[in-house]
Structures are given as C-alpha cells and as structure tokens.
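Next come the chains, spelled out residue by residue.
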Amino acid sequence: MKLITFGASYTRTSINRQWAHFIGQQLALQIPRVEQVDSLNLNAYDLPLYTVEREAEIGVPEPAHRFVSDLATADLVVVSLAEYNGSYTAGFKNLFDWASRVELKFFGGKPVVVTSTAPGPRGGLTVLQTAADRFPRHGAEVFVGPALPQFNQHFDRSANKLVSEEWQIQLNEALSPLVQKYTSANFG
C-alpha cells in the first residue's frame, strides 16, 4: 500500500509539508499494510496562472497531468493545508484548479487525511474546514486530522516529532477511524 503526503504550499521550507509527512509516517507505523510513504513537493508542479483563456490557448500543462497521475499512484493521501488569509495558498489553489481540468474527481475516491498547521493560534482551522467541505466534491473520502496551532512550539522540526504528549494523543484520536478502516478483519 502506497501513501502520498504533501503540504499545500509552494514555500520551500513548508511546515505543512513536514507536518503531512510526519502524519504519513505515523500512519505507516499504525497500518502494517503501508509499505511506502512518498512526500510530494509542490514546487515540482510549476504552473501558469489558470484562466479559461489560458487553457484555451495552451491546453492543460504537463505538470497538472503529472500531479493527478502522481496522486493516482497512491492508495491513501495526507494533505496539510497552509492558510493564507483564511483560505488556500494561491499556488495550491492554482494547482487545484488545473488538476480539476485534468480530472474533476482527481482524488479518485481515495481516503484523504486533511489537516493543517500554522505558526498562529488557530493552526489553519479555517482552511481545514474549507477543504473538508470541498475535497469530497473532487473524489476524496475525507478524514479530518487536527489543526496544529503554534507549530514551532508544538513540533520539534529537527527531531521530527511532536513535543507534547497531548497533541500526539489528539493526532492518534483523529487518525483512529482511518487506522481502524485499514486494520479491521473485514478490510479486503
């Protein structure tokens, strides 16, 4: 079973990319069937700004096709959303728009953990709620993870771990329905 993670930001030092990958690793420890955890860097999907006119002129660019193709190789996806002014980052929204032109339901019916983190006190909660509502329309079976606030206080980047046991418990509780789905005796 292959798990793909990505932070929904083009920032090179994205805390959301690290948070998504950490959650992917946590899932791999709890779901024995996970054999591979790959982390996508959205900088590999450089795209022009989406407009209807641009699509008519150039078609759908190759990076959008590649992103959708990369997601198609996963059995499970973890997305951590960066929040800019209460919404998706402009870069991710652009990738999202292009991807939906390749395939409207580009998540392909897969389980998708949506989570967020931020340096601030809400941890990207607004964008997390937006994605939890929007992603099912694009083929995601959504599992909502926590919005981790004050990332730099609650996560040790160099050790790649949560500092607080309280947040580890919250993360485990949020992931529990997904872990149960893949570890139940009835899972084929």
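What you see is a predicted model, and the numbers here were worked out from it, not measured in a lab.

The rules behind the values
- Residues numbered from 1 in each chain as written.
- Predicted model: local features only at pLDDT ≥ 70, side-chain atom pairs only at ≥ 80, totals over all residues.
- Heavy atoms only, no water.
- Phe/Tyr/Trp six-rings, centres within 6.5 Å; stacked < 30°, edge-to-face > 60°.
- Helix = DSSP H or I, 4+ residues; strand = E, 2+ residues; numbered from the N terminus.
- Buried < 20%, exposed > 50% of the residue type's maximum accessible area, 1.4 Å probe, protein only.
- 1 Å grid on protein atoms, 1.4 Å probe; cavity = no way out; pocket = protein on both sides within 12 Å on 5 of 7 lines; lining within 4 Å.
- Points joined across faces, edges and corners; volume = space filled by probe spheres on them.
- Nonpolar A, V, L, I, M, F, W, Y, C, P; charged D, E, K, R; others polar.
- Expected span 1.5 Å × (residues − 1).
- Contact = heavy atoms within 4.5 Å.
- Core = buried A, V, L, I, M, F, W, Y, C linked by side-chain atoms within 4.5 Å.
- Axes fitted to C-alpha atoms, helices over the stretch in contact; angles between N-to-C directions.
- Parallel < 35°, antiparallel > 145°, perpendicular 65-115°, else oblique.
- Left-handed = near helix turned anticlockwise from the far one by under 90°.
- Pairing = 2+ DSSP bridges.
- Right-handed = clockwise from strand over helix to strand, strands pointing away.

### Describing the packing of aromatic side chains
On inspection of all chains with the given rule, the structure shows 18 aromatic pairs. Consider the rings of Y45 and F67, whose centres lie 5.2 Å apart with planes at 75 degrees: the pair is edge-to-face. Here the residue Y45 occupies a position in the loop between β2 (36-40) and α2 (52-58), and F67 occupies one in helix α3 (residues 62-72), the gap between them amounting to 22 residues. A relative accessible area of 2% means that Y45 is categorised as buried. A centroid spacing of 6.4 Å and a plane angle of 20 degrees characterise the contact between Y88 and F135, whose relative ring orientation is stacked. Here Y88, found in the loop between β3 (76-81) and α4 (90-102), pairs with F135, found in the loop between α5 (125-134) and β5 (141-148); they are 47 residues apart in sequence, far enough to count as distant.

### Here we look at the layout of surface pockets
To locate leftover empty space, one rolls a probe as large as a water molecule over the atoms. There is about 150 Å³ of room inside the largest pocket. If you go around the largest pocket, you meet 13 residues; those closest to its centre are I15, N16, A82, Y84 and P119. Within the lining of the largest pocket, the residues separate by chemical class into five nonpolar, six polar and two charged.

### Some details on α4
Along its 13 residues, α4 runs 19 Å from first to last C-alpha, staying within 8% of the 18 Å computed at 1.5 Å per residue. Looking only at α4, the buried set comprises F92, N94, L95, F96, W98, A99 and S100. Elements that come into contact with the buried residues of α4 comprise β1 (2-8), α2, α3, β3 and α5.

### Points about the nonpolar core
Membership of the largest hydrophobic core comes to 32 residues, with the highest contact counts inside it found for F6, F67, L71, L81, F92 and F135. Mapped onto this core, the elements with two or more residues apiece are β1, α3, β3, α4, β4 (111-117) and α5. With five residues, the single largest contributor to this core is α4. Setting aside anything within four residues of it in sequence, one finds F6 in contact with A20, L40, L42, F67, L71, V77, V78, V79, S80 and F92.

### A look at the packing of helix α1 (residues 15-30) against helix α7 (residues 165-183)
α7 packs onto α1 with a crossing angle of 50 degrees between their chain directions and a minimal axis gap of 10 Å. On the basis of the axis angle, α1 is oblique to α7. In this structure, the crossing between α1 and α7 has a hand that is right-handed. Facing W19, F22, I23, Q26, L27 and Q30 of α1, the residues of α7 in contact are Q168, L171, N172, L175, L178, V179 and T183. Among the residues forming the contact of α1 with α7, the class breakdown is eight nonpolar, five polar and no charged.

### Remarks on the pairing of β4
With seven of its seven residues buried, β4 lies for the most part within the structure. Residues of β4 alternate between two faces, with P111, V113, T115 and T117 on one and V112, V114 and S116 on the opposite face, all of them buried. Here five bridges tie β3 to β4, and the two strands are oriented parallel to one another. Bridging from a neighbouring strand, V77 pairs with V112 of β4. Regarding the hand of the β-α-β motif, the stretch spanning β3, α4 and β4 is right-handed. Pairing between β4 and β5: six bridges, direction parallel. Looking at β5, one finds that P111 is bridged to E141.

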